[in-house]
Amino acid sequence: MEMAPIQDSRSADRTTILEMRGISQIFPGVKALDGVNISLHPGEVTALIGENGAGKSTLVKILTGIYVPSEGEILIDGQPVSFSSAQDAVDAGVTAIHQETVLFDELSVAENIFLGHAPRTRFGLIDWKVMNARAAELLHALESEIDPTIRLKDLSIAQRHLVAIARALSVEARIVIMDEPTAALSRKEIDDLFRIVEGLKKQGKAILFISHKFDEVYEIAENFAVFRDGRAVGHGRLSETPQDTIVRMMVGRDVSNIFPKVEVAIGKTVLSVENYCHPTEYRDISFDLKRGEILGVYGLVGAGRSEICQSLFGVTRPSSGQLVLEGETISIRSPRDAIAAGIVYVPEERGRHGLALPMPIFQNMSLPSLARTSRSGFLKAANELALARKYAERLDLRAAALSVPVGTLSGGNQQKVVIGKWLATLPKVIILDEPTKGIDIGSKAAVHGFISELAAEGLSIIMVSSELPEILGVSDRVLVMREGLSAGIFDRSQLSAETLVRAATGNA
Ligand SMILES: Nc1ncnc2c1ncn2[C@@H]1O[C@H](COP(=O)(O)OP(=O)(O)OP(=O)(O)O)[C@@H](O)[C@H]1O
Ligand SMILES: [Mg+2]
C-alpha cells in the first residue's frame, strides 16, 4: 500500500524524451507491431525484450526512419514528429546500431564511420585529416586502437562491430538505440561498451537497448519493455522485477534455458584431429569425436576456437596435422571438400554467410542438399517444402509461410534457417559455432533439444560456445582452448563451471 504513491510521484517526475503511441506496422501477411506504446527517459536505459520475431527490430527501423508506421505517432519532447527518411531521424537526434549494420568492405574504417556525414573542408571536399582523427578518437573511446585508415575487410568480426558502434556514436544524438550490440563482442569489449553507455547516461541521453541476454539487461538497464507477437505486454523497473516474471511475459509460460541432456549411446570414433597447427591461430590441437557424441569447445573469445572449426571445414588450411574420418586420412582444401566428406560448419557470423535473402525460406534450406531433393536432375518443389517443413518445425521457426523471402524474417529466425539448411545435408559431423547466439530464451531449449536428438540419431557434433550453462548442459566432453592451445579435454563426469573457467583463463 505504501508503494503506490511512491510509484506515482516517480513517474510524474521523470521526463520523457521520446514517446511512441499506438504504433502499428503491417507487412504482407504479418502485423509486426500492433498498437505498441513505449517511452524513453533521459539518462536511463530501457531494455526492449521479446522473442525472435516479436517486433523489436521493426520498432528500431521505425524510429530511425527506415519504415513509416502504418499507424501511431512519435513524440519527441512532447512534439509530434514524422520521419520519412533516415536523415529525418538523425536530424531529430536519433541514432542506432542496427542488428545488421551495413558496412562496406572496400572502404576505410573512418569512411565507414562517417559515410554520409563526413567532415568537410571549406571547399566542400572531405577533410580526410579531420575525419581520420575523429574516427581515431571515437575508437579510442571504445578502447580500441584500430587504425582508421585500414580497409574494413581486414578487420575481425568483433572489430567490425566496434566500427558500427563508433558510426552510431559519430552523430550528435539524444536518443541512442542499440539492437543486439553485444552479440559479437568479447566480455572485455562488452565492458568497454557498457562504460560508454554509462557515459551516455550521464550526458542525459535516452537509450533503447535490445538483447537476449538477461545478465546484460540487468547490468545496464533501468527499465524494461516486453513485446510479444507485436504487442507491448509489459513494462516496468528492472530493480523491482525478477527475471522469471519477464520471461513469463515474453513467452507466456515458464521456460528452462537448457533442455535436459538426453543420454545417448556413444559409438565408435568418427573423426580424429591429430596435431593440427596453424601459422598464427592455434597449435597442436588433437581430439577424437565419436558417433553420437557432443564435444563442447569452450574458451575465451580469441582462443582459436572458431579458427580450428574453420580449418576443419576447409575455410582456412592448417600448416600441419592430420585429419582421419572413419579410419581414412582425408585432406580438406575447401568447404566443398568438407561437405562432400560429410563435415559441415554453421558459422558464428550467420548474418553475412550463406543466406540468399530474396529467396524463399524453403529454397534457402534446401540449397546445400539439392542432390537429395532433386531426383533425376530437376528440383521437386514438394520435396524441398517437405524438407524445409521438417526443419522449421524442429527448430521452432516463426514465419508467416515457408515461401516468404528469408530477408523478411527476424534476425533470430534467419539464424534458425541457416542451422536447418546445413542439417538438411545429413552430415556425419556438424560443427555449430555459438548455436544459440541471437536466439531467444524460449527457443534456446528447442535448439538444445534438437542438438540432443541429432546426437541420438548418430550425428557427431562439435559445439563452440561461450555460454557456460550451454556447454555444461549439452556436452559429453569439453575441449578447452586457451591462446590457441588445448588447455585440456574434460569428461562429462569432471565438468564444472569452475574447472572450465580455470582451464580457459589459466588460473590454476
Ligand atoms: N521487411 C519485412 N517484410 C515482411 N515481414 C517482415 C519484414 N521485416 C520484419 N518482418 C516480420 O515482422 C516480424 C517482426 O520482426 P522483427 O525483425 O522486428 O523481430 P525481432 O523482435 O527483432 O526478432 P529477433 O530477436 O529475431 O531479432 C517478424 O514476423 C518478421 O518476419
Ligand atoms: Mg531483431
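Residues numbered from 1 in each chain as written. Chains lettered and ligands numbered in written order. Predicted model: local features only at pLDDT ≥ 70, side-chain atom pairs only at ≥ 80, totals over all residues. Heavy atoms only, no water.

1. Description of the overall build of the protein chain
We count it as follows: Helix and strand assignments come from DSSP, with helices taken as H or I runs of at least 4 residues and strands as E runs of at least 2, each series counted from the N terminus. Here the globule rule is a power law, 2.2 Å times the number of residues to the power 0.38, and the radius of gyration is based on C-alpha atoms. Under the scheme applied here, a residue whose accessible area is under 20% of the maximum for its type counts as buried, over 50% as exposed, and between as partly exposed, the area being computed with a 1.4 Å probe on protein chains only. Should any heavy atoms of two residues lie within 4.5 Å, those residues are counted as being in contact. The Shrake-Rupley method, run with a 1.4 Å probe sphere, supplies the accessible areas, and residue values consider only the shown protein chains as cover. Counted as positive: Lys and Arg. Counted as negative: Asp and Glu, with His and the chain ends omitted from the count. We put the charge of a Lys on NZ, of an Arg on CZ, of an Asp on CG and of a Glu on CD.
Secondary structure assignment for the protein chain yields 18 helices and 20 strands. Here the C-alpha atoms of the protein chain give a radius of gyration of 24 Å, agreeing with the 23 Å that 2.2 N^0.38 yields for 508 residues. Referenced to the eigenvectors of the C-alpha coordinate spread, the extents of the protein chain come out at roughly 70 × 55 × 50 Å. Buried positions account for 50% of the 508 residues belonging to the protein chain. Sequence separation of at least 24 residues holds for 67% of the intrachain contacts in the protein chain that already meet a minimum separation of 6. Looking at the protein chain as shown, the accessible area adds up to about 22700 Å², and 52% of this sits on carbon and sulfur atoms. Charge-centre separation for the protein chain: the mean point of 54 positive side chains lies 5 Å from the mean point of 63 negative side chains.

2. Here we look at the domain arrangement of the protein chain
Let me state the cut-off plainly: These domain boundaries are the output of an automatic or database domain assignment. Note: buried area is the sum, over both parts, of the accessible area (probe 1.4 Å) each one loses when the two are combined. Salt bridge criterion: a side-chain nitrogen from Lys or Arg within 4 Å of a carboxyl oxygen from Asp or Glu.
For the protein chain, the domain assignment lists domain 1 (1-7 + 14-93 + 174-251), domain 2 (103-172), domain 3 (264-342 + 427-508) and domain 4 (352-426). On the side of domain 4, 12 residues touch domain 3, which itself brings 18 residues to the contact. Summing both partners gives a buried area of about 1200 Å² for domain 3 against domain 4, and 67% of it is carried by carbon and sulfur. On the domain 3 side of the contact with domain 4, P427, I439 and F450 bury the most area, a combined 40% of that side's loss. Applying the counting criterion to the domain 3 and domain 4 interface returns two salt bridges.

3. Regarding the sheet that holds strand β12 (residues 285-290)
Put simply, the rule reads: Two strands qualify as a pair provided that DSSP identifies no fewer than 2 bridges between them. Lines fitted to C-alpha atoms define the axes here, with helix axes fitted over just the stretch in contact, and angles between the N-to-C directions of these axes take values from 0 to 180 degrees.
Ordered by their spatial adjacency, four strands build an open sheet running β12-β11-β14-β15, and the pairing between neighbours is antiparallel. Two strands in the sheet have a free side with no partner beyond their single neighbour: β12 and β15 (328-330). Averaged over all pairs of adjacent strands, the angle between their axes in this sheet comes to 20°, without regard to strand direction. In the sheet, strand β14 (residues 320-325) pairs with β15 via three bridges, with the strands oriented antiparallel. Directly across from L323, in β15, lies its bridge partner I330.

4. With respect to the site of ligand 1
Put simply, the rule reads: Definition of nearness: a residue and a molecule or strand are near each other if at least one heavy atom of the residue lies within 4 Å of the molecule or strand. We call two N or O atoms a polar contact when they sit within 3.5 Å, provided that within protein one can donate a hydrogen and the other can accept it, with sequence-adjacent residues counted only if both atoms are side-chain atoms.
Inspection of the region around ligand 1 gives 20 residues, with G53, T58, T408, S410 and G412 positioned closest. Take K56: an N or O atom from its side chain is 2.8 Å from an oxygen atom of ligand 1. T58 is positioned such that a nitrogen or oxygen atom in its side chain is 2.6 Å from an oxygen atom of ligand 1. In isolation ligand 1 offers 640 Å² of accessible surface; the protein chains occlude 88% of this area. Those elements that provide at least two residues to the shell around ligand 1 are β2 (30-40), α2 (56-63) and α15 (411-423). Of all the elements, α2 adds the most residues to the shell around ligand 1, at three residues. Taken domain by domain, the makeup of the shell around ligand 1 includes at least three residues from each of domain 1 (1-7 + 14-93 + 174-251) and domain 4 (352-426).

5. As for a nonpolar patch on the surface
Stated formally: The patches reported here contain residues having more than 30% relative accessible area and no salt bridge. Joining distances are 9 Å for like charges and 5 Å for nonpolar side chains (Val, Leu, Ile, Met, Phe, Trp, Tyr).
A surface patch of nonpolar side chains, about 270 Å² in accessible area, is lined by V102, F104 and L115. Residue placement: V102 occurs in the loop between β6 (94-97) and α4 (109-114). Judged by its relative accessible area of 61%, V102 falls in the exposed class.

6. Focus on the sheet that holds strand β19 (residues 477-482)
Here six strands make up an open sheet; going across it, the order is β16-β17-β18-β13-β19-β20 and the pairing mixed. Taken across any chain shown, the strands that pair with only one partner, and hence form the sheet edges, are β16 (343-346) and β20 (485-491). Recorded for the sheet is a direction-independent mean angle of 20° between the axes of neighbouring strands. Here strand β13 (residues 294-299) runs beside strand β18 (residues 460-464); their pairing, made up of four bridges, is parallel.

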